[in-house]
Amino acid sequence: MRQQIDGAALRNMVLCAYDALEANEQAINELNVFPVPDGDTGANMRLTLGSAAADLRRKEATTVTATADRVASALLRGARGNSGVILSLLFRGLSKGLKKLETATAAEYAKAMTTGVESAYKAVMKPAEGTILTVSRMAAETANAKAQESEYFEEMLYAAVEGAKTALDDTVNQNPVLKKAGVIDAGGYGYVLMLEAMLGYLEGRVTVNQNPGGAAKTKADFTAFATEDIKYTYCTEFIVRKSGAAKSPDLLRAYLENIGDSIVMVDDAEIIKVHVHTNAPGRVLTQALTYGPLLTTKIENMREQHTSLEEQAQATEAAAPAEAEAEPEEQPIPEPVPAEKPIGTVCVCAGDGLEELFRQLGADGIVSGGQTMNPSTEDILRAVNLTPAETVFVFPNNKNIIMAAEQCAPLTPKKVIVIPSRTVPQCISAMMRLSPDSTPEQLQAEFTDAISTVHTIQVTYAARDSEFDGHAIHAGEFLTLMDGALVGSFASTDELVSSLGPTISPLDPEFVTVYYGQDVAENDAESFSSALGDSFPDTETFLIRGGQPVYYYMISVE
């Protein structure tokens, strides 16, 4: 066993930690409390640490101090989501604790872990226990205790892992939301996986992936076969809710085998989920309806897709034959542009309709992102630096982007004020109060007041079966949240509209605005909005195409 680590060892420990996050990204994501479709904690932690992994692979490791500083710097710029920002804070404090060290002993490293925890707790406005904060704190405490008894690095880190695991198991009891769902904290789980991988490297059980991405193809070769070779044209997927007389799903499988291939069928007590390649999707769906109502359907023409992808692949190959020879250079963050006005705004959103709306409302910068694709601190910083204003207001429009936005302030000479908007409708209401004649202080007060007057209902789909707080949630249903709290999940839009009446009525709204997403046809959106408006005859109801992914509808109630 070793008594200290050098810069090369720390580099490899971090790279192994990244490999662990990459391998377990989906498992971490699936610990999300609500079964919403997102790339939340696992993706954010992996992308955040990935920024450091890419930097470490570009340069040789030197001292512990230099390696820790590079990791901290890369994580600060690449932080995504709350879990990613906290991870960056832990490493930022770790780098402070390892200053001026060629190598680090077990005691020095354990003490630096404590500095990292202190940095994270200090930066989070309302630190909550039962999260990655608790897990990292317990890891540091047990690491320091062991370092007082043993000088061996592996024993210290083993104690950190055991302390982290104990804390992780208890997160389900510390956090009321986790207790309702009966799950451990996702960020804490990711942190435990990182520590285990770092210990595994020191013990020789885990090795660094020297060829990230591997020798295997990262994309299929679409020129390997002709479009005409595709036997069945349509990739057909659907979910049907069982109802009426109980028919055997085996009969449906037998029917599908006669008119298609690549059949995947999942059957449970409530639904049947099917994937099949066929030339007769209409006949497939007609047969499915004999089992009950369809909850979701998706039909794609694989011949058209193949032809398009084949053309893209050929064009890419012709245009960039030497692309694989060199690793892409890091894109520098643009220097802050000179101020041409006192006030500027940057809004985070996804959807061409919403982007256009924000530009009409006067937004200087648009950062693409939201649920499933949290932008990094660097993404937001680019937009801030390119805004020609002295003071830049940033609207994150998602609770998981607020902390990443706040990290921009010390990275630019511009004054950055983050308005803690959690939804796009809140931001739209605030932007309607934008006045170039107001001072930053006046606008901050106006914006903060505006977002407090808006309630937001978000309608997406349940990504998996679940049960939360007495609600039985079925995959494929319309999953509905209001101000982040679960309203329920519904098999049809009629059920959804009926449920929204009692939900919205107590708010006594003056305006209800429905923003419909990219997966909703205009006539369906009009029918939905009209039915919703009938529930509130004294309220003005508006319909706007947002074009947003993930959410079928975002409903603003004011």
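Residues numbered from 1 in each chain as written. Predicted model: local features only at pLDDT ≥ 70, side-chain atom pairs only at ≥ 80, totals over all residues. Heavy atoms only, no water.

**Student:** Any details on the overall build of the protein chain? Residues and values, ideally.
**Tutor:** Secondary structure assignment for the protein chain yields 20 helices and 18 strands. Relative to its 558 residues, the protein chain shows a buried fraction of 51%. Of the accessible surface of the protein chain, which amounts to about 25,600 Å², a share of 50% is contributed by carbon and sulfur atoms. (Helix = DSSP H or I, 4+ residues; strand = E, 2+ residues; numbered from the N terminus. Buried < 20%, exposed > 50% of the residue type's maximum accessible area, 1.4 Å probe, protein only. Areas by Shrake-Rupley, 256 points an atom, 1.4 Å probe, with all protein chains shown as cover.)

**Student:** Explain the pairing of strand E18 (residues 553-557) to me, using residue names and the numbers behind them.
**Tutor:** In regular strands, side chains alternate between the two faces of the sheet. Counting buried positions over the 5 residues of E18 gives 5, a clear majority of the element. Alternating residues of E18 divide into Tyr553, Ile555 and Val557 and Met554 and Ser556, and every residue in both groups is buried. For strand E11 (residues 455-461) and E18, the ladder comprises 5 bridges, and the chain directions are antiparallel. Across the sheet, residue Val459 finds its bridge partner in E18, namely Tyr553. Alignment of strand E16 (residues 511-516) against E18, held across 5 bridges, turns out to be antiparallel. Across the sheet, Val514 pairs through a bridge with Ile555, a residue of E18. (Pairing = 2+ DSSP bridges.)

**Student:** Let's hear about the nonpolar core: which residues, and what values?
**Tutor:** Counting 74 residues, the largest nonpolar core has Ile5, Leu49, Leu98 and Tyr109 as its most contacted members. It is helix H10 (residues 186-202) that contributes the most residues to this core, 11 residues altogether. Residues contacting Leu49, with those up to four places away along its chain left out, are Val14, Ala17, Tyr18, Leu21, Leu75, Leu87, Phe91 and Met194. Ranked by size, the runner-up nonpolar core spans 25 residues in total, among them Val424, Ala430, Val550 and Tyr551. (Core = buried A, V, L, I, M, F, W, Y, C linked by side-chain atoms within 4.5 Å. Contact = heavy atoms within 4.5 Å.)

**Student:** Pulling in residues and values, what's your account of the state of the cysteines?
**Tutor:** Applying the stated rule across the entire model yields 0 disulfides. With no disulfide partner, Cys347 has as its closest neighbouring cysteine sulfur the one in Cys427, 3.7 Å distant. Accessibility expressed as a relative area gives 0% for Cys347, which makes it buried. (Disulfide = S-S within 2.5 Å.)

**Student:** Please give an account of empty space enclosed by the protein that cites residues and values.
**Tutor:** For the structure on display, the rule yields 2 cavities of 30 Å³ or more. Reported here for the largest cavity is a volume of approximately 180 Å³. Together, 20 residues line the largest cavity, and Gly370, Gln371, Val424, Tyr551 and Met554 are the ones closest to its centre. Here the residues of the lining of the largest cavity are counted per class, giving 11 nonpolar, 8 polar and 1 charged. By volume, the second largest cavity amounts to about 120 Å³. Forming the walls of the second largest cavity are Leu90, Phe91, Leu94, Tyr109, Met113, Gly116, Val117, Tyr191, Leu195 and Met198. Residue assignment for the lining of the second largest cavity shows that the elements contributing at least two residues are helix H5 (81-97), helix H6 (106-123) and H10. A total of 4 residues in the lining of the second largest cavity trace back to one element, the largest contributor, which is H6. Residue composition of the lining of the second largest cavity, grouped by class: 9 nonpolar, 1 polar and no charged. (1 Å grid on protein atoms, 1.4 Å probe; cavity = no way out; pocket = protein on both sides within 12 Å on 5 of 7 lines; lining within 4 Å. Points joined across faces, edges and corners; volume = space filled by probe spheres on them. Nonpolar A, V, L, I, M, F, W, Y, C, P; charged D, E, K, R; others polar.)

**Student:** Talk me through helix H14 (residues 352-360); I want residue IDs and the actual numbers.
**Tutor:** Burial in H14 covers these residues: Gly353, Leu354, Leu357 and Phe358. Looking down the long axis of H14, one finds its buried residues gathered within 130 degrees of arc, a one-sided arrangement. The elements touched by buried residues of H14 are strand E7 (341-349), strand E8 (365-368), helix H17 (424-431), E16, strand E17 (540-545) and E18. Phi for Gly362, located one or two positions after H14, is positive at around 105 degrees. (Arc of directions from axis to C-beta.)

**Student:** Describe the environment of Glu495, and please don't skip the residues or the numbers.
**Tutor:** Considering the arrangement of structural elements, one finds Glu495 in helix H19 (residues 493-504). Residue Glu495 is classed as partly exposed on the basis of its relative accessible area of 40%. The sequence separation of Glu495 and Phe478 amounts to 17 residues, and the corresponding C-alpha distance is 9.4 Å.

**Student:** Describe the packing of helix H7 (residues 132-149) against H10, with residues and values.
**Tutor:** Two numbers describe a pair of packed helices, the interaxial angle and the distance between the axes. In the contact formed by H7 and H10, the axes pass within 7 Å of each other and the chain directions differ by 35 degrees. As H7 packs across H10, the resulting crossing turns out to be right-handed. Residue-level inspection shows Ile132, Val135, Ser136 and Ala139 of H7 in contact with H10, the latter providing Gly187, Gly188, Tyr191, Val192 and Leu195. In terms of residue class, the contact of H7 with H10 is made up of 6 nonpolar, 3 polar and no charged. (Axes fitted to C-alpha atoms, helices over the stretch in contact; angles between N-to-C directions. Left-handed = near helix turned anticlockwise from the far one by under 90°.)

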